[in-house]
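# Structural overview
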Amino acid sequence: MNELLKIRGLTVRFYTYEGVVQALEDVNLDINRKETFGLVGETGCGKTLTALSILRLVFAPGQIESGSIYFNVDNGNEPVDLLTISEDQIRAIRGSKISMVFQEPGAALNPVYTIGDQISEVILLHRRQEVAQKALRTVNKLLAGKKGFISLLAKPVWLMERGLYQRIAQNPRAEGPRIVSRILLVRGLLWRLKGESIKMTIDLLKEVEIPDPARVARQHPHQLSGGMKQRGVIAMALACSPKLLIADEPTTSLDVTIQAQILQLLNQLKSEFESSILYITHDLGVAAEICDRVGVMYSGSLCEIAPVDEIYANPLHPYTKALLAAVPKPGVEPHAIGGIVPDPLALPSGCRFHPRCPSATEICREHIPTMGELAPGHFVACHNCQGETGGSSR
């Protein structure tokens, strides 16, 4: 089985004073291992909400009404449904197995902490055992070193440190070290944990090609450029080598030169960490550059999924065709999509795109189309497409 993540029937509603917002409707998609899956569509179509649903970060008044999100946490084991596991279990997966690069790095970073502090916090939370093992090796070297008056005085402290690090290395959630960390007079015994996590942070900043990473680790977000902040956020997301990296329009606020560098970096890191990427964007050019497969969303539902080359060479859904026709091309006049995105409080009956679709028929106004496979790996939710070509529903 090559699937890393499988979403089936995901439906999300927002219960507001004005009415019920039908934000996501019966979303079905798969993300394979070591694949970059692109989610494209207009602003407000549900791309980011799909990502937040995967991490179970949909807050009130939003509710995940139905569906399942199966994630392969460990190779060889049965996938777990992220929507049914406990809050402690999903918290252990967030930032560790699944990480997210948010759209605006300035808003994702805390302005009062340094970049190093924020990345090391992730490391201490999810890789505490590994950090304790590194600190334990350092203390063992000190205890085995040359004897002298200073080492004689420090030895009792080193022995206490070793005992604490051994307990953390055996059980990252051990109560003893946690109690020590809360006591002002003795919590300094655990200082090596912070030091080792900062060293690992500097290595991560090197991975994302930040020059002089030791200096950058000591800086606050406002001291960095947009591109540097985005690299810092990517380093934070990759701190635990996640199986799935969700990138929510990570290049939107950057100039084209930095955009190209970030896209190249994501491709490089995907290969190095053997991760899958869910790449959310409204830029079809970026999706063509980085994605293996693309899913097109409209008004909270998926209307077409296909390999990236296929969807650009042979778009089938009228909305996909309209999106591609709106992209400026040399010597070709772009065409705007007529009409407006429907109000999520008052969605049209049948196919949600039919008020803007030049090919709409009576069946489009009355019945919601199901996703059908019209070619190997090419799925479309359109009555006219399936009527002309046939295909199996999904």
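Residues numbered from 1 in each chain as written. Predicted model: local features only at pLDDT ≥ 70, side-chain atom pairs only at ≥ 80, totals over all residues. Heavy atoms only, no water.

### Considerations on the overall build of the protein
Applicable threshold: In this description a helix means any DSSP run of H or I spanning at least four residues, a strand means any run of E spanning at least two, and both kinds are numbered starting from the N terminus. We call a residue buried when its accessible area falls under 20% of the maximum for its residue type, exposed when it is over 50%, and partly exposed in between, using a 1.4 Å probe and counting protein chains only. Here, two residues are considered to be in contact whenever any of their heavy atoms come within 4.5 Å of each other. Accessibility throughout is a Shrake-Rupley quantity obtained with a 1.4 Å probe, and a residue counts as covered only by protein chains that appear here.
Of the regular secondary structure elements, the protein holds 16 helices and 13 strands. In the protein, which comprises 394 residues, the proportion classed as buried is 49%. Restricting the contact set of the protein to residue pairs at least 6 apart, pairs at least 24 apart contribute 65%. Carbon and sulfur atoms form 55% of the exposed surface of the protein, whose accessible area is close to 19300 Å².

### Topic: helix α14 (residues 318-325)
Extensive coverage of α14 is indicated by the burial of six of its eight residues. Within the span of α14, buried status applies to P318, Y319, T320, A322, L323 and L324. Looking at the buried side of α14, the elements it contacts are α12 (284-290), β9 (293-298), β10 (301-307) and α13 (308-313).

### Quick word on the pairing of β10
In the case of a regular strand, side chains alternate between the two sheet surfaces. This is how it is decided: Whether two strands pair depends on DSSP finding at least two bridges between them.
Most of β10 sits inside the fold, with six of its seven residues counted as buried. The pairing of β9 with β10 spans six bridges and is classified as antiparallel. Its bridge partner being in β10, M297 is matched across the sheet by L302. The antiparallel pairing of β9 with β10 creates a hairpin that spans two residues between the two strands, and S299 there sits at a positive phi of about 50°.

### Quick notes on the sheet that holds strand β2 (residues 20-32)
In plain terms, the rule: To define axes, lines are fitted to C-alpha atoms, for helices over the stretch in contact only, and angles between the resulting N-to-C directions are given on a 0 to 180 degree scale.
The antiparallel open sheet is built from four strands, whose spatial order is β2-β1-β4-β5. Only two strands of the sheet have a single partner each, and these edge strands are β2 and β5 (80-81). One ladder, built from nine bridges, connects strand β1 (residues 3-15) with β2; its direction is antiparallel. Residue pairing across strands places V12 opposite L24, the latter belonging to β2. Its contacts with the sheet place helix α1 (residues 47-54) against β1, β2 and β4 (62-71), and it is angled at close to 110° to β1.

### Focus on helix α5 (residues 128-143)
Residues lying three or four places apart along an α-helix face the same way, a consequence of the helix completing one turn every 3.6 residues. As a reminder, the rule being used: Expected helix span is computed as 1.5 Å times (number of residues minus one). To obtain the arc, one takes the directions from the helix axis to the C-beta atoms.
Under the 1.5 Å per step criterion, the end-to-end length of α5 is 22 Å for 16 residues, consistent within 8% with the ideal 22 Å. Along α5, the positions that sit buried rather than exposed are R128, V131, A132, A135, L136, V139 and L143. Along the long axis of α5, the arc covered by the buried residues comes to 140°, so they all point the same way.

### Thoughts on the packing of α5 against helix α8 (residues 191-207)
If you want to describe how two helices pack, look at the angle between their axes and the distance between the axes. How we decide: An angle below 35 degrees is treated as roughly parallel, one above 145 as roughly antiparallel, one from 65 to 115 as roughly perpendicular, and anything else as oblique. Two helices that cross are described as forming a left-handed crossing if the nearer one is turned anticlockwise from the farther one by less than a right angle, and a right-handed crossing if clockwise. Charged means Asp, Glu, Lys or Arg here, nonpolar means Ala, Val, Leu, Ile, Met, Phe, Trp, Tyr, Cys or Pro, and polar covers whatever is left, Gly included.
It is at 9 Å that the axes of α5 and α8 come closest, and there the two elements cross at 110°. Of the possible angle classes, the one that applies to α5 and α8 is roughly perpendicular. The interaxial crossing formed by α5 with α8 has right-handed handedness. Across the interface between the two elements, R128, E130, V131, A132, K134, A135, T138, V139 and L142 of α5 pack against R192, L193, E196, S197 and M200 of α8. Here the residues of the contact of α5 with α8 are counted per class, giving seven nonpolar, two polar and five charged.

### What to know about the pattern of salt bridges
This is how it is decided: We define a salt bridge as a contact between a side-chain nitrogen of Lys or Arg and a carboxyl oxygen of Asp or Glu at a distance within 4 Å.
Within this structure, the stated rule accounts for 16 salt bridges. The salt bridge involving R56 is made with E87; its shortest N-O contact spans 3.3 Å. Placement of the pair is R56 in the loop between α1 and β4 and E87 in helix α2 (residues 87-93), with a sequence separation of 31 residues. Classification of E87 by relative accessible area gives partly exposed; the value is 37%.

### Let's talk about the environment of L193
Relative to the assigned elements, L193 resides in helix α8. Taking the C-alpha atoms as reference points, L193 and D26, 167 residues apart in sequence, are found 45 Å from one another. Ignoring sequence-local partners within four residues, the contact set of L193 consists of L124, R128, V131, A132, Y165 and I168.

### Things to note about the side chain of S99
Applied cut-off: Definition of a polar contact: a pair of N or O atoms within 3.5 Å, with one able to donate and the other able to accept a hydrogen when the atoms are protein atoms, and with sequence-neighbouring residues admitted only if both atoms are side-chain atoms.
In this fold, S99 is placed in strand β6 (residues 98-101). What makes S99 buried here is its relative accessible area of 4%. One polar contact links the side chain of S99 to the main-chain carbonyl oxygen of A237, over a distance of 2.8 Å. If we skip the residues at most four places from it in the chain, S99 touches A237, P242, L244, L245 and I246.

### So, the packing of aromatic side chains
To keep it simple, the criterion reads: Aromatic pairing here means that ring centres of Phe, Tyr or Trp (its six-membered ring) are within 6.5 Å. Orientation follows from the plane angle: under 30 degrees is stacked, over 60 is edge-to-face, and everything else is tilted.
Counted by the stated rule, this structure contains three aromatic pairs. Centroid distance Y298 to Y319: 4.7 Å. Interplanar angle 55°. Geometry classified as tilted. With Y298 in strand β9 and Y319 in helix α14, this pair connects stretches of sequence that are 21 residues apart. Classification of Y319 by relative accessible area gives buried; the value is 0%. Note on Y298 and F353: the rings are 5.1 Å apart at their centroids and 85° apart in plane angle, and the pair reads as edge-to-face. Of the two residues, Y298 sits in strand β9 while F353 sits in the loop between α14 and α15 (362-366), which places them 55 residues apart along the sequence. The exposure class of F353 is buried, given its relative accessible area of 3%. Joined through ring pairs, the aromatic side chains of Y298, Y319 and F353 make up one cluster.

### Describing unusual backbone geometry
Backbone phi values are negative for most residues with the exception of glycine, while trans is the configuration of most peptide bonds. A cis amide bond links A60 with the next residue in sequence, P61, at an omega value of 10°. Among the structural elements, P61 can be located in the loop between α1 and β4. A positive phi angle, close to 50°, is found at D212, a residue other than glycine. Take D212: it is sitting in the loop between α8 and α9 (213-217). If you check the backbone angles, E249 has positive phi at about 45° while not being a glycine. Relative to the helices and strands, E249 resides in the loop between β7 (244-248) and α11 (256-273).

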